[in-house]
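Read off the chains here:
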Amino acid sequence: MARKITYQQAINEALDQEMSRDQNVIVMGEDVAGGAGSPGEQDAWGGVLGVTRGLYHKHPGRVIDTPISESGYVGAAIGAACCGMRPVAELMFVDFLGVCFDQIFNQAAKFRYMFGGKAETPVVIRAMYGAGFRAAAQHSQCLYNIFTHIPGLKVVVPSNPYDVKGLLIQSIRDNDPVIFLEHKALYTMEGEVPEESYAIPFGEAAVVREGHDVTIVAIGRMVLKAQEAAAELQKQGIHCEIIDPRTTSPLDTDTILESVEKTGRLIVVDESHPRCSMASDIAGLAAERAFSSLKAPIRQITGPHSPVPFSDALEELYIPSAAHIVAAAKSLKEFR
Amino acid sequence: MTKALTRDDLLKAYRTMRTIREFEERLHTDFATGEIPGFVHLYAGEEASATGVCMNLTAEDHIASTHRGHGHCIAKGVDPVGMMAEIWGRKTGTCKGKGGSMHIADLSVGMLGANGIVGGGGPLVCGTALAAKLRGQPYVSVCFFGDGASNQGTIFEAMNLASVWNLPVIFLAENNGYAEATSSKFSVACDNIADRASAFGMPGITVDGFDFFAVYEAAGAAIERARKGGGPSLVEVKLSRYYGHFEGDQQTYRAPGEVQNIRDTKDCLLQFARRVTANGQISQAELDAIDAEVKALIDGSVAKAKSDPKPSEADLLTDVYVSY
């Protein structure tokens, strides 16, 4: 039986293997080691949730703590990438995008094009995202839609331990800036992960479950909700096909459209807000390019157009649930 | 100590400053015809700064620039012919016509780009300097920024980070007295931008930016210190731009006669020529010959830019992602 490790361990292993393979790979961020300049232990935290723990001692000088200064160190990672380093900068919570977005979207994302193809910026920016931890409005957002909008950025949203390792390795080897988003509710998820190094190409969706009645395209953690819903729907005689795009930029439109052409029904599940979202984007794609195959309206299941609430009673209402997906699938199957 | 300037160095410095001046004066003239697309922000008047700093650098050192970046590009070794084509939006431009005046970059000579975002370059040079430090290379990075950018958080963050990581970075503040149409007397809360250095644990110095030799010495000392592992410095050069924030700016915020007075009494090229001819190091005839060669170079660059092809539809979607 193959080895099982957690999503969090798979991230650590990918970083460790790439740092061993290539001396140009460095890790930087707030407390990615923890303890810099203090009298106590070094590598005290290994990241705020311990994801990078142990790398500091294995790769001396290449796990670099930073001040709480996101524009400064994210920009430094981008500058270092311009001269051949392969920095992995950790933004901790993706919500902190607000204090460093210029360096990402006006600098890193633009260099290759704006400089006539003469610049490469192989930087990876890792960040946690998503609701479910009672972390409230400034530590719970799903901002992949904002990054996906920007040409020049690649955006990765792994949904399981196997994918998170292979996609992070690909991200580090990629010569474009990559936004690598880890749903915090997935860190403890266990799954089979090969010990050896492997890369998963960008722009190749995974067909997580095959079915002929309804296509469910789900992003990140929502893949798990879709699987839960599909198991319930199976009992009721509705066979769902689940597609995990794995990267929102580039997006594997072919796999999505082929599935919609087969099932004629589409649900998109996206934890973010509804306007200008992956849900509306994929719904638009299907409406434009698979219209004649559709047997029912497209359904978008998203969080509401509100900040993420704190109270558990409200946050549970906020996050899309398997029950929402079950109800939507049944309504599509019963349409006409 | 900063390396003593040889006769060849002096000739090179003069040629660089004259090339920048000619390039910018020509753009000023041509922009008025309406043929040049977009915005241009001219560096005329500030030549001693870019030249005095970059005479201390090699192609392996990096600089980050501003939207007033033509002078930094030329001083760092970017080809003026490609630059002119870029500003005219031609496929033969430094960036294939995809960047324009505010984004000229050439990483092959360590030029990280002019930058359309005020203060954008500070964090980036921390990265190029970090790369050199991690690799054990003796290369330094210089962030040119203006008095406007001196008030941006990115510059403060970069100065703190450079000190915390002890990076070989020089923060080179070009205080030309105006951020767009707002005086630095209003917008900068201290007397000198260099006064802020102590807050970030680094030395700071203010020098006369009309004097090539003063800039060369001050920047040279800071660069040498950084190369030897001594960490970052802040150098403020006080100077003046001869034209508006952008071409077309009527500059009603400036005092009548302000620019003409500076041109007549402080001009960096006049001061330089007077000094090197008075002490007999260079003859006026040699300077005149450089003037003529530079004029021919810039004339040729404009003629070429005008006749070169623009990018075509096939170029619209190239260079945006790496394809596999």
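Remember, it's a predicted structure, so these values are computed and weren't measured experimentally.

**What to know about the sheet that holds strand β3 (residues 169-175) of chain B**
What links the strands of a sheet is backbone hydrogen bonding, and the strands pair in either a parallel or an antiparallel sense.
Residue and element names in this part refer to chain B.
Okay, so step 1: Read from one edge to the other, the open sheet built from 5 strands follows the order β1-β2-β3-β7-β6, with strand pairing classed as parallel. The open sheet has two free edges, formed respectively by β1 (62-64) and β6 (204-208), since each of these has just one partner strand. Strand-to-strand twist in this sheet, taken as the mean axis angle between neighbours without regard to direction, amounts to 20°.
Okay, so step 2: Of the strand pairs in this sheet, β6 and strand β7 (residues 233-238) are connected by 5 bridges, and their pairing is parallel. By the bridge assignment, V207 is partnered in β7 with V237.
Okay, so step 3: Contacts between helix α8 (residues 212-227) and the sheet are confined to β3, β6 and β7, with β6 contributing the most and set at about 155° to the helix.

**Looking at the state of the cysteines**
Each disulfide consists of one covalent bond between the sulfur atoms belonging to two cysteines.
All names here are of chain B.
Okay, so step 1: What the rule picks out here adds up to 0 disulfides over all chains.
Okay, so step 2: Unpaired in this structure, C143 has its nearest cysteine sulfur neighbour in C126, at a distance of 8.2 Å.
Okay, so step 3: The class for C143 is buried, based on a relative accessible area of 1%.
Okay, so step 4: C54 provides the cysteine sulfur closest to C268, a residue in no disulfide bond, and the two sulfurs are 14 Å apart.
Okay, so step 5: Residue C268 is classed as buried on the basis of its relative accessible area of 1%.

**Examining the side chain of T248 of chain A**
Residue and element names in this part refer to chain A.
Okay, so step 1: With respect to the secondary-structure elements, T248 resides in strand β12 (residues 247-249).
Okay, so step 2: Here the side chain of T248 touches T148 through a polar contact of 2.7 Å, side chain to side chain.
Okay, so step 3: The contacts of T248, once residues within four sequence positions are left out, are T148, V155, V157, I219 and M278.

**Description of helix α6 (residues 153-164) of chain B**
Okay, so step 1: Compared with an ideal rise of 1.5 Å per residue, which puts 12 residues at 16 Å, α6 of chain B spans 16 Å between its outermost C-alpha atoms and is within 8% of the ideal.
Okay, so step 2: In this fold, the buried residues of α6 of chain B make contact with α3 (70-82) and α4 (101-108) of chain A together with α5 (121-134), β2 (141-146), β3 and β7 of chain B.

**Concerning the packing of helix α9 (residues 253-263) of chain A against helix α10 (residues 278-289) of chain A**
Helices that pack against each other are described as a pair by the angle of their axes relative to one another and the distance between those axes.
Residue and element names in this part refer to chain A.
Okay, so step 1: Running from N to C, α9 and α10 cross one another at 60°; their axes reach a closest spacing of 10 Å. When the axis of α9 is compared with that of α10, the two are oblique. Seen from above, α9 lies across α10 with right-handed handedness. Touching T253, I256, L257 and E261 of α9 are I282, L285, A286 and R289, all from α10.

**Examining the sheet that holds strand β2 (residues 25-29) of chain A**
Residue and element names in this part refer to chain A.
Okay, so step 1: Spatially, 7 strands are ordered β3-β2-β4-β5-β7-β6-β12 in an open sheet, and the strand pairing comes out mixed. Each end of this open sheet is capped by a strand with a single partner; those strands are β3 (63-65) and β12. For this sheet the average axis-to-axis angle between neighbouring strands, irrespective of direction, equals 20°.
Okay, so step 2: The pairing of strand β5 (residues 124-129) with strand β7 (residues 178-183) spans 6 bridges and is classified as parallel. Across the sheet, residue I125 finds its bridge partner in β7, namely I179.
Okay, so step 3: Running over the sheet, α3 touches β2, β4 (86-93) and β5 and is turned about 160° from β4.
Okay, so step 4: The sheet contacts of helix α7 (residues 161-173) involve β2, β4, β5, β6 (154-156), β7 and β12, and relative to β7 the element is tilted by about 160°.

**Topic: the packing of aromatic side chains**
When we look at a pair of aromatic rings, we describe it by the centre distance and by the angle of the planes.
Residues and elements named next belong to chain B.
Okay, so step 1: Following the criterion strictly, the structure yields 14 aromatic pairs over all chains and no others.
Okay, so step 2: Residues F156 and F200 carry aromatic rings whose centres are separated by 6.1 Å and whose planes lie at 15° to one another, so their mutual orientation is stacked. Of this pair, F156 sits in helix α6 while F200 sits in the loop between α7 (184-187) and β6, and the two are 44 residues apart along the sequence.
Okay, so step 3: On the basis of relative accessibility, which here comes to 17%, the residue F200 falls in the buried class.
Okay, so step 4: On the numbers, 5.3 Å between centres and 5° between planes, the contact of F213 with F272 is stacked. You can see F213 sitting in helix α8 and its partner F272 sitting in helix α10 (residues 268-278), a full 59 residues away along the chain.
Okay, so step 5: Take F272: its relative accessible area is 2%, and that puts it in the buried class.
Okay, so step 6: Through a chain of ring-to-ring contacts, the aromatic side chains of Y14, F212, F213, Y216 and F272 assemble into a single cluster.
Okay, so step 7: A cation over a ring is seen here: R275 above F213, with NZ or CZ 3.8 Å from the ring centre.

**Remarks on the interface of chain A and chain B**
Okay, so step 1: Taken residue by residue, the interface counts 44 residues in chain A and 37 residues in chain B.
Okay, so step 2: Between chain A and chain B, a total of about 3,200 Å² is buried, with carbon and sulfur atoms accounting for 64% of that surface.
Okay, so step 3: For the chain A face of the interface with chain B, the top three residues by lost area are Y113, M114 and F115 of chain A, together amounting to 20%.
Okay, so step 4: Applying the counting criterion to the chain A and chain B interface returns 0 salt bridges.
Okay, so step 5: Of all the secondary structure elements, the ones that give two or more residues to the side of chain A that touches chain B are β2, β3, α3, α4 and α5 (111-114) of chain A.
Okay, so step 6: Of all the elements, α3 of chain A adds the most residues to the side of chain A that touches chain B, at 10 residues.
Okay, so step 7: Grouping the amino acids of the side of chain A that touches chain B by side-chain chemistry returns 19 nonpolar, 17 polar and 8 charged.

**Regarding the environment of V207 of chain B**
Residue and element names in this part refer to chain B.
Okay, so step 1: With respect to the helices and strands, the residue V207 is situated in strand β6.
Okay, so step 2: Judged by its relative accessible area of 11%, V207 is buried.
Okay, so step 3: With 50 residues separating them in the primary sequence, V207 and E157 have C-alpha atoms 24 Å apart.

**What to know about the pattern of salt bridges**
Residues and elements named next belong to chain B.
Okay, so step 1: Counted by the stated rule, this structure contains 34 salt bridges over all chains.
Okay, so step 2: The salt bridge partner of D61 is R227, with a shortest N-O separation of 2.7 Å. In this pair, D61 is assigned in the loop between α2 (47-54) and β1 and R227 in helix α8, connecting sequence segments 166 residues apart.
Okay, so step 3: On the accessibility criterion, D61 (0% relative accessible area) is buried.
Okay, so step 4: The salt bridge involving K98 is made with D319; its shortest N-O contact spans 3.1 Å. You can see K98 sitting in the loop between α4 (80-87) and α5 and its partner D319 sitting in the segment after α11 (284-307), a full 221 residues away along the chain.

**Digging into α11 of chain B**
Side chains three or four residues apart in an α-helix point the same way, a direct result of the helix having 3.6 residues per turn.
Residues and elements named next belong to chain B.
Okay, so step 1: With 24 residues, α11 should cover 34 Å at 1.5 Å per step; its first-to-last C-alpha distance of 35 Å lies within 8% of that length.
Okay, so step 2: Every buried residue belonging to α11 is among L287, I290, V294, I298, S301, V302 and A305, and all of these are buried.
Okay, so step 3: On its buried face, α11 sits against α1 (7-31), α4 and α10.

Reading guide: rules and limits
- Residues numbered from 1 in each chain as written.
- Chains lettered and ligands numbered in written order.
- Predicted model: local features only at pLDDT ≥ 70, side-chain atom pairs only at ≥ 80, totals over all residues.
- Heavy atoms only, no water.
- Pairing = 2+ DSSP bridges.
- Helix = DSSP H or I, 4+ residues; strand = E, 2+ residues; numbered from the N terminus.
- Axes fitted to C-alpha atoms, helices over the stretch in contact; angles between N-to-C directions.
- Contact = heavy atoms within 4.5 Å.
- Disulfide = S-S within 2.5 Å.
- Buried < 20%, exposed > 50% of the residue type's maximum accessible area, 1.4 Å probe, protein only.
- Polar contact = N/O pair within 3.5 Å; in protein donor to acceptor, adjacent residues only side chain to side chain.
- Expected span 1.5 Å × (residues − 1).
- Parallel < 35°, antiparallel > 145°, perpendicular 65-115°, else oblique.
- Left-handed = near helix turned anticlockwise from the far one by under 90°.
- Phe/Tyr/Trp six-rings, centres within 6.5 Å; stacked < 30°, edge-to-face > 60°.
- Lys NZ or Arg CZ within 6 Å of the ring centre and 35° of its normal.
- Buried area = accessible area lost by both parts, 1.4 Å probe.
- Salt bridge = Lys/Arg side-chain N within 4 Å of Asp/Glu carboxyl O.
- Nonpolar A, V, L, I, M, F, W, Y, C, P; charged D, E, K, R; others polar.

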